[in-house]
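# Coordinates in review
Here is what each chain is made of, one letter per residue.
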Amino acid sequence: MIRKCLFPVGGYGTRFLPATKALPKEMLPVVNKPLVQYGVEESIEAGLNYIGFVTGRGKRAIADHFDISYELEHQINGSAKEQYLQSIRHVMDEGVFSYTRQKEMKGLGHAILAGETLVGNEPFGVVLADDLCVNDDGEDNVLAQMVKVHKQFRCSIVAVMEVPDDEIHKYGVIAGEAMKDGLYRVSDMVEKPAKEDAPSNLAVIGRYILTPDIFDILKVTEPGINNEIQLTDALKQQAQDGVVLAYRFKGTRFDCGSVQGFVEATNFCYQNLYLTGKGN
């Protein structure tokens, strides 16, 4: 049973400067909720109620968001405005939150390794809040889909999607053997390859389920591209030593790490969640 989910939220959000000079990028609002709350809601809905944040300097707003604001709640208690706190109150009631700091920004692999103290020796999910994923009514969210795959195969799972050739250089890309429709056994992974060097058009997005041996691999993983410890390199080693599966998920993903993707996500959520009352 997977109980825990790790959120690496220590990055600077430089693509959204100057807005992120003092505000964590994860707290940028997608209509009426901060980006990170969508990811936490997905985790809790998938049954991963123990939420661990790997933070950095200037990220206190994230911890404050998932805590009680006594002055605010007292001020609006009994008023019509109280309804606007319904979604965050539900998250706070259902989730258990813990925090640790990534002392240096040395890549996603380094951030996940910093979260070992929050996870311990058990499988866990990883959500990159930059990737906002939505699903149709009645359909499992992306993380819940991956939990079902993990229950069957008991190995690390990465979420993948097909991307155009001219965008392949933005992602980690897998090579693998198709086991059945939408599921691949990974044989190789390459971080941000040129399109002519990409082993496929299946790109990894910000949803993972990892087995705890990934920590031991990360501890001996040498810095890779950008002199950072890449999770891609550790997963490649894990695939060579055992099994890593890539799952082509069902749902819509928005790259909220880019301004264009953030605007697209905001428009979608406004039309399909906020106006319909599903996003409150």
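Each chain has its residues counted from 1, running along the sequence as written. Local features are withheld for residues below a pLDDT of 70 in this predicted model, meaning they are given only at 70 or higher, and side-chain atom pairs are given and counted only at 80 or more; totals for whole chains, interfaces and linings count all residues. The basis for every side-chain value is the complete set of heavy atoms in the structure, and neither hydrogens nor water enter the calculation.

### Concerning the overall build of the protein chain
Let me state the cut-off plainly: Secondary structure elements are taken from DSSP: a helix is a run of H or I of four residues or more, a strand is a run of E of two residues or more, and numbering for both begins at the N terminus. Based on C-alpha atoms, the radius of gyration is set beside the globule rule, defined as 2.2 Å times the residue count to the power 0.38. Think of it in three bands: residues with accessible area under 20% of the maximum for their type are buried, residues over 50% are exposed, and the middle band is partly exposed, with areas taken using a 1.4 Å probe on protein chains only. We call two residues in contact when some of their heavy atoms are within 4.5 Å.
Along its length, the protein chain carries 10 helices and 13 strands. For 280 residues, the compact-globule formula gives about 19 Å, and the C-alpha radius of gyration of the protein chain, at 18 Å, lands near that figure. Each principal axis of the C-alpha atoms in the protein chain carries an extent, and together these give about 60 × 40 × 35 Å. By the burial criterion, 50% of the 280 residues in the protein chain qualify as buried. Long-range pairs, those at least 24 residues apart, make up 76% of the contacts in the protein chain between residues at least 6 apart in sequence.

### Brief notes about the packing of aromatic side chains
Which entries qualify depends on this criterion: Stacked, tilted and edge-to-face pairs are distinguished by plane angle, under 30 degrees for stacked and over 60 for edge-to-face with tilted covering the rest, among Phe, Tyr and Trp rings (Trp via its six-membered ring) whose centres lie within 6.5 Å.
For the structure on display, the rule yields nine aromatic pairs. Their ring planes at 40° and their centres at 5.5 Å tell us that F7 and F53 sit as a pair that is tilted. With F7 in strand β1 (residues 4–8) and F53 in strand β4 (residues 50–55), the pair connects residues that are 46 residues apart, well separated along the chain. F7 gets classed as buried once you look at its relative accessible area, which sits at 0%. Between F16 and F262, the aromatic rings sit 5.5 Å apart at their centres with planes inclined by 70°, giving edge-to-face as the arrangement.

### Digging into helix α7 (residues 142–153)
Note the threshold: An expected span of 1.5 Å times one less than the residue number is assigned to each helix. N or O atoms closer than or at 3.5 Å make up a polar contact, with two conditions inside protein: a donor-capable atom paired with an acceptor-capable one, and, for residues adjacent in sequence, both atoms drawn from side chains.
With 12 residues, α7 should cover 16 Å at 1.5 Å per step; its first-to-last C-alpha distance of 17 Å lies within 8% of that length. All of the buried residues in α7 are V142, L143, A144, Q145, M146, V147, V149 and H150. Regarding α7, its N-cap is N141, as a side-chain oxygen of that residue lies 3.1 Å from the backbone nitrogen of L143 further along. Immediately downstream of α7, the backbone of R154 shows phi near 60°, a positive value.

### Topic: the state of the cysteines
Our working definition: Here, the term disulfide refers to a pair of cysteine sulfur atoms separated by no more than 2.5 Å.
In the structure shown here, the tally under the stated rule is zero disulfides. There is no disulfide at C133, and the cysteine sulfur nearest it, in C256, is 9.2 Å away. Here C256 is not cross-linked by a disulfide; its sulfur's nearest cysteine counterpart is in C269, at 7.5 Å. Owing to a relative accessible area of 2%, C256 belongs among the buried residues under this scheme.

### Overview of the pairing of β4
Defined as follows: Note on pairing: two strands pair once DSSP finds at least 2 bridges between them.
Judged by how many residues are buried, β4 sits mostly within the fold: five of six residues are covered. Sheet topology places β1 next to β4; five bridges connect them, and they run parallel. Bridge pairing in β4 places P8 opposite V54. Across six bridges, the pairing between β4 and strand β5 (residues 96–101) is parallel. The partner of G52 across the bridge, within β5, is S98.

### With respect to the side chain of R253
Within the secondary structure, R253 is located in strand β13 (residues 252–255). For R253, a relative accessible area of 16% puts it in the buried group. A distance of 2.9 Å separates polar atoms of two side chains, one belonging to R253 and the other to D131. Looking at R253, its side chain comes within polar contact range of the side chain of Y171, at 2.9 Å. Ignoring anything within four residues of it in the chain, the contact list for R253 reads D131, L132, C133, M161, Y171 and I205.

### A short note on the side chain of Q145
Here Q145 shows up in helix α7. On the basis of relative accessible area, Q145 is assigned to the buried category, the value being 7%. Beyond its immediate stretch of four places on either side in the chain, Q145 contacts N135, D140, Y247, F249 and K250.

### What to know about helix α9 (residues 231–241)
So the rule is basically this: It is the directions from the helix axis to the C-beta atoms whose arc is reported.
Among all positions of α9, only L231, T232, A234, L235, Q238 and A239 are buried. All buried residues of α9 lie within an arc of 160° about the axis, which places them on one face of the element.

### Side note on the pairing of strand β9 (residues 172–180)
The pairing of β9 with strand β10 (residues 183–191) spans eight bridges and is antiparallel. Considered in β10, the bridge of G172 is made with E191. Two successive antiparallel strands, β9 and β10, enclose a turn made up of two residues, where G182 displays a positive phi of approximately 85°. Across two bridges, β9 lies against strand β11 (residues 202–210) in antiparallel orientation. Opposite G172, over in β11, you have V204 as the bridge partner.

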